[in-house]
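Read off the chains here:
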Amino acid sequence: MAEVEESSKPLFAGLSDISISEDIPVEGDISMPVGSQNADNDFSTLDEPVKDTILRDLRAVGQKFVHVMYPKKSSALLRDWDLWGPLLLCVTLALMLQGGSVDSEEDGRPQFAEVFVIIWFGSVIITLNSKLLGGTISFFQSLCVLGYCILPLTVAMIVCRIVLLGGSGLVSFVVRLIVVTASFSWSTFASTAFLADSQPPNRKALVVYPVFLFYFVIGWMILTFSPSH
Amino acid sequence: MSASQGSTNTNTEPWGSFDDNNIIQGSGSAVIDMENMDDTSGSSFEDMGEMHQRMKEEEEVTAEAAATEEDNGEYGDFLGMKGLKGQLGRQVADEVWQAGKQQASKAFNLYANIDILRPYFDVEPNQVRNRLIESLIPVRMINFPQKVAGELYGPMMLVFTMVAILLHGMKTSGTVIREGTLMGTAIGTCFGYWLGVSSFIYFLAYLCNAQITMLQMLSLLGYGLFGHCMVLFITYNVHFHSLFYILWLVIGGLSTLRMVAVLISRTVGQTPRLILCGTLAALHMLFLLYLHFAYHKMVEGILDTLEGPNIPPIQRVARDVPVVASAVVNATIKSIAAVVQSQ
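Keep in mind it's a predicted model, so treat the numbers as computed, not measured. (Residues numbered from 1 in each chain as written. Chains lettered and ligands numbered in written order. Predicted model: local features only at pLDDT ≥ 70, side-chain atom pairs only at ≥ 80, totals over all residues. Heavy atoms only, no water.)

A.B. asks: Account for the UniProt feature "transmembrane region" (unreviewed entry) in chain B, naming residues and giving values.
C.D. replies: Residues and elements named next belong to chain B. Summarizing the sequence annotation, UniProt attributes the feature "transmembrane region" (unreviewed entry) to residues 152–170, 182–205, 217–236, 242–262 and 274–295 in the numbering used throughout. With 95% helix and 0% strand, residues 217–236 has its two end C-alpha atoms placed 28 Å apart. When the span residues 242–262 is considered, its composition is 100% helix and 0% strand, and the gap between its end C-alpha atoms is 30 Å. (UniProt positions renumbered as here; feature names shortened; annotations may be inferred. Helix = DSSP H or I, 4+ residues; strand = E, 2+ residues; numbered from the N terminus.)

Take a look at the structure:
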């Protein structure tokens, strides 16, 4: 901030010479060209090393992960929204759900593109729905919240894969069912904690249902995943 | 608003007296000349938006014209000096950016204005619940046009629920889709039915002079899918064919009767009523039949080849019912024959 004041002093130095009499009403628009004065400050983040930029972004993403896992009424997720976290989670989930085998006979498994499209178009539709119902949250903030709340389901996917390494009998199915149900309800609860505040109070159920359906479909895709070997 | 207007402004009254020019041009008539109004659509939202847009555009155009006039004056003075070239470039870039942003926001406001759909999503949860239950209750009064709610939230949520149920059914029946994906097929089927059949019945209603709008038809058919969702949810998990037939007749029939009764109440004449309601009933019931059987044949085929003549007792397949029925019939005939012979 000190730099700004120093650079602006020579520009405003001449004002002290002008005297304005009180009879003349002063009115009008004062618009300053934005590009010239702040040019030096805007480019300051370009000069730092790449490692700093990446670490700063990763730290922001990690902080939001923590907010999702322990959903309190904080506005950090909404204030500084970003879409890196959702992209990371979506790609991880889609890669894990793909399985890796190119077997075209028993291809009941969702492919990468299907999972990707379901997550992103589902989020867009839920966002449009909550905006049409009179929500005060912006488009990208809602996308950010919905994407970050996929984290519990991704964790459940990892756990399911580990459980499936030990066999695919009834016990493993019951364990997977419990894990997926718990994480899907956690996701729904976390996202409604952020989204429902922006709705009029008597319409929360109308917004929660599509979110419930969305995470239910993703959770069901995780539960019915079975590796090909 | 100041005295820079072309005509002389004789504002004697504080509220701005009548402008004599306009009155004289209008030749003393109190009728507004509608020729000059740009009639783009019937909705008042869009008219207001258009007028607002046009006013903003005029302001921006005059502001741009004023700005470019000032800049053209400056160019002549500073054209030879290299030191200020950076500032000129930045100003030009700034204006190009502003112009581009305005173009983009104009296009966005015109095409992606979701506010057009906002009135159709204005519902309360208990209204949605009531309409869901009413969609299975046929109305009795068909001499008076029945009220149809024009909302899109309930139908859209029902269509998405049906997509989810269909996906589940396709997965459990092991359907293999060669040219496409499961998700695409499910979404295409459900949305195609909702939008396509609605449009077709609306077209027929237009031919048969029925009093129903497109929005009402979409809403009516969307809520009619509630019965379908329930039946499919039950029968994709419990595989008795007889159960499916009973549910198809009862629940499918009730929801069809409701839609048919509403349409009858809004149509005049026997033949138009017959055409419209017969088509809708046939399409609605046949769609449920198709959804059930399209994803069950796989299961039956696979199980037939695997089992052969020995059917284990815990097999939940349709074949049980006819086999059991024929076995029962045979047993009763044999017992009756035995009884008759013994007498």
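Further notes follow.
A.B. asks: I'd like a description of the confidence of the model for chain A, backed by residues and values.
C.D. replies: Residue and element names in this part refer to chain A. Averaged over chain A, the pLDDT score is 78; the fraction of residues at 70 or greater is 76%. Mean pLDDT across the elements of chain A bottoms out in helix α3 (residues 39–42) (51) and peaks in helix α9 (residues 151–165) (90). This stretch, residues 1–6, has a pLDDT under 50; its non-local contacts, to residues over four places away or in other chains, come to two contacts. (pLDDT = per-residue confidence, 0-100. Contact = heavy atoms within 4.5 Å.)

A.B. asks: Any details on the state of the cysteines? Residues and values, ideally.
C.D. replies: All names here are of chain B. Enumeration according to the criterion identifies zero disulfides over all chains in this entry. Between C190, a free cysteine, and C229, which holds the nearest cysteine sulfur, the sulfur-to-sulfur gap is 7.8 Å. We note that C208 lacks a disulfide partner, and the nearest cysteine sulfur, in C277, lies 8.9 Å from it. The buried category is assigned to C208, whose relative accessible area is 10%. (Disulfide = S-S within 2.5 Å. Buried < 20%, exposed > 50% of the residue type's maximum accessible area, 1.4 Å probe, protein only.)

A.B. asks: Which residues make up the interface of chain A and chain B, and what values do they have?
C.D. replies: Listed by partner, the interface residues are 26 residues for chain A and 23 residues for chain B. When chain A packs against chain B, the two sides together hide about 2,300 Å² of surface, and 64% of this comes from carbon and sulfur. Of all residues in chain A, the largest losses of buried area upon contact with chain B belong to L132(A), L206(A) and W220(A), amounting jointly to 28% of the total for that side. D122(B) is the partner of R203(A) in a salt bridge, and the nearest nitrogen-oxygen pair spans 2.5 Å. Our count for the contact surface shared by chain A and chain B stands at eight residue pairs in polar contact (both at pLDDT 80 or more). If you list the elements that add at least two residues to the side of chain A that touches chain B, you get α2 (34–37), α7 (112–132) and α11 (204–223) of chain A. Counted by class, the side of chain A that touches chain B contains 14 nonpolar, eight polar and four charged residues. (Buried area = accessible area lost by both parts, 1.4 Å probe. Salt bridge = Lys/Arg side-chain N within 4 Å of Asp/Glu carboxyl O. Polar contact = N/O pair within 3.5 Å; in protein donor to acceptor, adjacent residues only side chain to side chain. Nonpolar A, V, L, I, M, F, W, Y, C, P; charged D, E, K, R; others polar.)

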